[in-house]
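Remarks on the overall topology
For reference, the chains in residue letters:
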Amino acid sequence: MSFSTEERGRPNTQEYRVFFKNSEGKYISPFHDIPIYANEAENIFHAVVEVPRWTNAKMEIATKDPLNPLKQDMKKGNLRYVANVFPHKGYIWNYGAIPQTWEDPNHKDSDTGCCGDNDPIDICDIGNKVCSRGEIIKVKVLGTLALIDEGETDWKVIVINTEDPEAADFNNIDDVRRLKPGYLEATVDWFKRYKVPDGKPENQFAFNGEFKDRDFAIKTVKDTHEFWKALISKTTSAGELNCMNTSVSDSPFCCSAADAEAVLKSVCTFDFSISLDKWFYYEK
């Protein structure tokens, strides 16, 4: 199973989009059409890379747009970039999401006491490769961090690309602590402070900022897959989410390849420049 991407518009513009295609060259949704599992028996999942490591543009699956292409997040009419909060440079992992998952905003998590953030579940790939924007990778789940982001549960699942040369050495969160000392602490620090440059307070965490292990994380991913099943079958309200898909045959949102192709339209582009090499300092 292979996937490809097609860019429309120019990067660093409001119109820029990254659309996805299947192996037949037909347009698909990365949210709904890419299978959650790469190998279900071994709990190997697919992941969509939204933000390659060391980059700053906050790209994300456009959950409210037809076919859910990647686009850059907007805040107050401006394109959103993550600041370099010292000593970090951009995102410190390949950051993305697991397809066919959904953190239900109407479900209060019994562990965190907060509802979901209405997005696919997030991943942080700790592998050595700097991935490409829109790349689909196969990942092994190692653990998870429970971020409480503005009152919402926002799981951050720690994974490693199965193609990484060191992947066989990583099987649980303790392996990350042992083999990549400081990385988990840096991850907590990054998520705690990344919104401070925007004038917001430090983020909080459930479990006192402790990482939960592989089994807990896999169960969490599978729970969000069940929430997605209810979403795509319309047994729960989608709200503003767009559930257009081309492969979930029993979904009322399933459409033809021709309908999917009709979604793509040309976009206007313009140049946009911003300094992405400046650190942000603040006194704790």
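The name given to the protein in an unreviewed UniProt entry is inorganic diphosphatase, with Salarias fasciatus as the source organism. Here the protein is described in UniProt, under the heading Cofactor (unreviewed entry), as follows: "Mg(2+)". According to its UniProt record, the protein has this under Subunit (unreviewed entry): "Homodimer."

Details of the layout of surface pockets
Reported here for the largest pocket is a volume of approximately 820 Å³. What lines the largest pocket is a set of 35 residues, among which K58, E60, D73, R80 and D119 lie closest to the centre. For the lining of the largest pocket, the elements supplying multiple residues, two or more each, are strand 5 (44-51), strand 6 (59-61), strand 7 (70-72), strand 8 (74-75), strand 11 (94-97), strand 14 (152-161) and helix 2 (183-193). Partitioning the lining of the largest pocket into residue classes produces 12 nonpolar, four polar and 19 charged.

A closer look at the side chain of E135
Relative to the helices and strands, E135 is located in the loop between strand 12 (122-125) and strand 13 (136-149). A relative accessible area of 18% means that E135 is categorised as buried. Every residue in contact with E135, bar those within four places of it in the chain, is listed here: A47, V48, V49 and K129.

About the thresholds
- Residues numbered from 1 in each chain as written.
- Predicted model: local features only at pLDDT ≥ 70, side-chain atom pairs only at ≥ 80, totals over all residues.
- Heavy atoms only, no water.
- UniProt positions renumbered as here; feature names shortened; annotations may be inferred.
- 1 Å grid on protein atoms, 1.4 Å probe; cavity = no way out; pocket = protein on both sides within 12 Å on 5 of 7 lines; lining within 4 Å.
- Points joined across faces, edges and corners; volume = space filled by probe spheres on them.
- Helix = DSSP H or I, 4+ residues; strand = E, 2+ residues; numbered from the N terminus.
- Nonpolar A, V, L, I, M, F, W, Y, C, P; charged D, E, K, R; others polar.
- Buried < 20%, exposed > 50% of the residue type's maximum accessible area, 1.4 Å probe, protein only.
- Contact = heavy atoms within 4.5 Å.

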